[in-house]
Amino acid sequence: MKRCFARGLSLTLAAVAWLSLSYGCGRQDTPGGTQSSSGAVATQPAAAPGGPVRIGHFASMTGSEATWGVSTDAGVRMAVKEENAKGGVNGRPLEVITYDNQGRAQESATAVTRLITQDKVAAVLGEVASSRSIAGGQVAQRFGVPMISPSSTNPKVTDIGDMVFRVCFIDPFQGYVCAKFARGEPLNAQKAATLFNRAQIYSTGLNDTFKKHFTEMGGTITTEQAYADGDTDYSAQLTNIRATAPDVIFIPGYYTEVVNIAVQARRLGLTVPLLGGDGWDAEDLKNAGSALDGAYFCNHYSHDEDRPAVREFVAKYQEEYRRIPDGMAATGYDSAKLLIDAMRRASSLAGKDLAAAIAATKDFPGVTGVITIDAQRNARKPAVILRVEGGKTYYTTTIAPPD
Ligand code: PHE
């Protein structure tokens with residue numbers, strides 16, 4: 001597992017590509033110290049008083065969901081760079097240490113263990129996928145070190161315990177948002193079919209909450225079809241769906257799956273709109289070509305939302321990285337900003353004190369919305385719906401939590 005320091009490091013696109021490459025081949029550890037971007041060698045344990053305050057990040061820097069790790073890390077590092085320019089925390093600079101979990105749950109537990117026991121991080125950020133946040137969160141809870149997930153939406157993540165937080169909404173709300181959008185303009189769907197990944201807790205959970213809300217809102221579920229991790233042929237499930245003549249197909253999966261599903265659906269003559277959740281968010285959606293034209297998905301933010309916080313963030317990110325920030329870049333940025341705000345308010349950086357400060361967060365002005373951490377350590381805030389067209393996404397509407 002390779003570790004990366006980038007205190008104040010400005011990442012260009014080329015640097016991001018280099019970082020992902022170096023994570024990919026970085027299996028060997030560097031005992032006794034690791035090269036930092038400033039050229040200094042850090043020895044263990046290094047979280048000395050007066051030294052840098054360390055923030056750990058575990059992420060899919062490589063693997064099939066690498067865009068999530070790379071985007072989140074870019075957001076985290078931009079936030080830390082900004083806060084270091086403001087003097088860090090109590091006069092101490094902040095340092096991010098990122099470990100690649102290659103998109104695996106087991107590697108997530110290993111990464112968090114190492115961040116806490118060897119690198120002595122004050123807090124951990126991660127992950128995107130709920131299954132990996134659950135694996136990492138159990139470790140953080142056991143060691144009493146706070147962890148904030150930027151974008152994992154399954155309720156079980158923060159159910160782990162009082163050390164695990166998130167800065168995003170949860171799937172019971174996301175299912176409601178998708179159902180409400182499906183029932184209203186422009187889809188006006190009466191009948192929905194669903195196609196979900198039975199091996200991902202995110203996918204099964206979101207499928208269930210969508211079904212619950214869609215039927216409560218007067219709609220009918222024509223069929224629920226499932227697939228497994230690694231499947232690439234969805235024609236049997238799509239043929240079953242076609243026979244039930246739905247008005248919309250709800251696909252609560254991850255983007256790699258969605259691209260294949262959309263292409264195969266169109267090939268089978270299914271022309272109805274496709275609808276999904278935040279798991280669709282990735283530039284690689286463009287790989288579906290025109291198969292996703294007219295599809296919609298729920299997300300944490302949209303780069304073209306007309307809000308000052310979004311405009312400012314997009315401009316800064318583009319200057320830093322020369323590309324448009326996706327949802328993970330924004331949630332990664334918010335998770336680091338909110339953590340650093342709590343560090344400044346905490347009576348100490350010890351796990352319990354820092355967790356108390358995170359839990360007390362109220363009306364924090366995030367890019368993805370105003371964040372208040374609730375009693376279950378989740379964030380309550382609106383979601384956006386994006387439309388896909390020509391491989392690009394366009395802001396469509398915002399849906400707020402019901403009262
Ligand atoms: N919410 C998804 C999960 O919990 C992960 C995700 C977040 C994917 C944001 C894409 C964008 O598994």
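As a reminder, the structure under discussion sits directly above these lines.
In this text, all values refer to a predicted model and were calculated from it rather than measured experimentally.

1. Digging into helix 4 (residues 130–143)
With 14 residues, helix 4 should reach 20 Å at 1.5 Å per residue; the first-to-last C-alpha distance of 20 Å fits that figure. Listing the buried residues of helix 4 in full gives Ser130, Arg132, Ser133, Ile134, Ala135, Gly136, Gly137, Val139 and Ala140. Gly144 lies just past helix 4 and shows a positive phi near 70°.

2. What about the side chain of Asp171?
Looking at where Asp171 falls in the secondary structure, it is placed in helix 6 (residues 171–183). Buried within the structure, Asp171 lacks any salt-bridge partner; Arg166 is the closest side chain of opposite charge, at an N-O distance of 6.7 Å. Looking at Asp171, its side chain comes within polar contact range of the main-chain nitrogen of Asn154, at 3.4 Å. If we skip the residues at most four places from it in the chain, Asp171 touches Thr153, Asn154, Tyr202, Leu206 and Thr209.

3. Some remarks on the site of the ligand
Taken together, 13 residues surround the ligand, and among them Ser130, Thr153, Tyr254, Asp278 and Met328 come closest. Between a nitrogen atom of the ligand and a side-chain N or O atom of Asp278, the distance comes to 2.7 Å. Contact with the protein chains hides 100% of the accessible area of the ligand, taken as 330 Å² for the molecule alone. Here the ligand is seated within the largest cavity. Per-class residue counts for the shell around the ligand are six nonpolar, six polar and one charged. Counting contributing residues per domain, the shell around the ligand is built from domain 1 (3–169 + 307–381) and domain 2 (172–299), each supplying no fewer than three.

4. Notes on the packing of aromatic side chains
Using the criterion set out here, one finds 14 aromatic pairs in the structure. A centroid spacing of 6.1 Å and a plane angle of 75° characterise the contact between Tyr301 and Phe313, whose relative ring orientation is edge-to-face. Of this pair, Tyr301 sits in the loop between strand 13 (296–299) and helix 10 (308–321) while Phe313 sits in helix 10, and the two are twelve residues apart along the sequence. Given the relative accessible area of 1%, Phe313 is considered buried. Each member of the aromatic cluster is reached from another via a ring pair, and the members are Tyr301, Phe313, Tyr317, Tyr321 and Tyr333. The cationic tip of Arg183 hangs over the ring face of Phe214; the distance from NZ or CZ to the ring centre is 5.9 Å.

5. A look at the packing of helix 11 (residues 327–345) against helix 12 (residues 351–359)
Between helix 11 and helix 12, whose axes approach to 8 Å, the crossing angle comes to 115°. Helix-helix and strand crossings are classified by hand; for helix 11 and helix 12 the assignment is right-handed. Across from Leu338, Leu339, Ala342, Met343 and Arg345 in helix 11, the residues of helix 12 making contact are Leu354, Ala357 and Ile358. Looking at the contact of helix 11 with helix 12 residue by residue, the class counts come to seven nonpolar, no polar and one charged.

Parameters at a glance
- Residues numbered from 1 in each chain as written.
- Predicted model: local features only at pLDDT ≥ 70, side-chain atom pairs only at ≥ 80, totals over all residues.
- Heavy atoms only, no water.
- Helix = DSSP H or I, 4+ residues; strand = E, 2+ residues; numbered from the N terminus.
- Expected span 1.5 Å × (residues − 1).
- Buried < 20%, exposed > 50% of the residue type's maximum accessible area, 1.4 Å probe, protein only.
- Lys, Arg positive; Asp, Glu negative; His and termini not counted.
- Salt bridge = Lys/Arg side-chain N within 4 Å of Asp/Glu carboxyl O.
- Polar contact = N/O pair within 3.5 Å; in protein donor to acceptor, adjacent residues only side chain to side chain.
- Contact = heavy atoms within 4.5 Å.
- Near = heavy atom within 4 Å.
- Areas by Shrake-Rupley, 256 points an atom, 1.4 Å probe, with all protein chains shown as cover.
- 1 Å grid on protein atoms, 1.4 Å probe; cavity = no way out; pocket = protein on both sides within 12 Å on 5 of 7 lines; lining within 4 Å.
- Sits in = over half its atoms within 2 Å of the grid points.
- Nonpolar A, V, L, I, M, F, W, Y, C, P; charged D, E, K, R; others polar.
- Domains from an automatic or database assignment.
- Phe/Tyr/Trp six-rings, centres within 6.5 Å; stacked < 30°, edge-to-face > 60°.
- Lys NZ or Arg CZ within 6 Å of the ring centre and 35° of its normal.
- Axes fitted to C-alpha atoms, helices over the stretch in contact; angles between N-to-C directions.
- Left-handed = near helix turned anticlockwise from the far one by under 90°.

From the geometry alone we can't say anything about function, so treat these as descriptive.
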